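Results of the structural survey
What follows is the residue order along each chain.
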Amino acid sequence: MISQIDQDIAEKISAGKRFVIASHIRPDADAVGSLLGLGLALMKAGKTVQLVLEDGAEKYDYLPGSEYVIRSPVGEADMIIVVDCSDAERVGSVLNDYGQPDLVIDHHKTNLAFGKINVVEPDQVATAAVLFDHIPAWGLSIDPDVATCLLSGIVGDTIGFRTPNVDANLLRKAASLIDLGADLNHVYNEELVLRSFSAVHYWGFGLKRIELQGELVWTSLTLADQQESGYDQGDDANLVNVLSSIREAKIALLFVEQPGNSVKVSWRTGPGLDVSEIAYRFGGGGHAAAAGADIKGSLAEVKHRVIAETLELLENSSMKNRSIIQKNFGE
Ligand code: 5GP
Ligand code: MN
């Protein structure tokens, strides 16, 4: 049974000729994999598609279709689609001339439903998994290139099937994508294993100043670290995955200094805690287990505020746990 929303989307896709698809600034594997997966499926259906990422997709040149990515769209479009973004600001300014998106496809629980139609499924591990479920109902097909892009999004957002939301159903979706021609080994190595010398050198600066207080671990990466290591992507080079592997910590925090007096903050936690709300309060968003925000201020100021509030979150959650234990014990 195809839902009414899927039917509406299928009709719009069928009627449209010119498509613009965009995703978020500092794109990750799910942003790029979803953008390219949907984009290639539309191109193969004979549509004219502009694939737009304000920051480009250089790191993802191993994905089919990455050569089509442009940094700003030109001309008119019959349908504007935004993937893997919880709010309009996160797209950057590239869609400013285009009005409200016709379709938003996402899996963030903090999504503001900013499209005319919103396909937002917070229980899904990745936007690419949402697309896998819906693309056939929209009259599009998944060929080996589309399958590779979607699998890349799933591998990225689950850090290689390691997050607690990975279940048998998700593994069946991944297996279907492999059946459809996706190359898991290639995607896995490119996304999670291989990295540049400069990226690991850059990690070194962050690892040297790592701190643990109670169950919170954090560190920071500065603009000077980028210069000294030669790492020039402006992100954390996935150092946050190393921080979140530390056994003693319930929450890992990473601060990445940005040009123009702002700091990119990433939160990571395990089951039982939700860091998306705190990220949302700081103007960002994300998921219970992984969230982020761009916060104005110097590195020192932002660290001070964020560490204090995150320690408070840990304190409140351990108080809540204690009272649950006491209550259960009393009964
Ligand atoms: P990361 O820490 O890897 O940048 O992001 C973790 C999660 O939080 C991702 O799902 C990402 O989309 C979301 N996220 C990160 N930064 C922001 C932000 O500035 N705004 C919003 N709305 N979401 C963010
Ligand atoms: Mn995602």
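Here's a quick rundown of the structure. (Residues numbered from 1 in each chain as written. Chains lettered and ligands numbered in written order. Predicted model: local features only at pLDDT ≥ 70, side-chain atom pairs only at ≥ 80, totals over all residues. Heavy atoms only, no water.)

1. Brief notes about the state of the cysteines
Put plainly, a disulfide is one covalent bond tying together the sulfur atoms of two cysteines. In the structure shown here, the tally under the stated rule is zero disulfides. Among the cysteines around cysteine 149, which has no disulfide bond, cysteine 85 carries the closest sulfur, lying 17 Å off. (Disulfide = S-S within 2.5 Å.)

2. Quick word on the site of ligand 1
In the region of ligand 1, 16 residues are neighbours, and Ser86, His108, Lys264, Ser266 and Arg268 sit closest. Aspartate 87 is positioned with one of its side-chain polar atoms (N or O) 3.3 Å from a nitrogen atom of ligand 1. Elements with a minimum of two residues in the shell around ligand 1: strand S10 (262-269), strand S11 (285-286) and strand S12 (290-296). Top element by residues in the shell around ligand 1 is S12. It accounts for five residues. For the shell around ligand 1, a count of residues per class yields three nonpolar, eight polar and five charged. For the shell around ligand 1, the two domains that each supply at least three residues are domain 1 (2-190) and domain 2 (196-323). (Near = heavy atom within 4 Å. Polar contact = N/O pair within 3.5 Å; in protein donor to acceptor, adjacent residues only side chain to side chain. Helix = DSSP H or I, 4+ residues; strand = E, 2+ residues; numbered from the N terminus. Nonpolar A, V, L, I, M, F, W, Y, C, P; charged D, E, K, R; others polar. Domains from an automatic or database assignment.)

3. A look at the nonpolar core
Ranked by size, the top nonpolar core spans 54 residues in total, and within it Leu38, Ile81 and Trp138 carry the most contacts. Take this core: its biggest share by element is eight residues, from helix H2 (residues 29-44). Discounting chain neighbours no more than four positions away, the residues touching leucine 38 are Ile21, Ile81, Val83, Ile105, Leu131, Ile135, Trp138 and Leu140. (Core = buried A, V, L, I, M, F, W, Y, C linked by side-chain atoms within 4.5 Å. Buried < 20%, exposed > 50% of the residue type's maximum accessible area, 1.4 Å probe, protein only. Contact = heavy atoms within 4.5 Å.)

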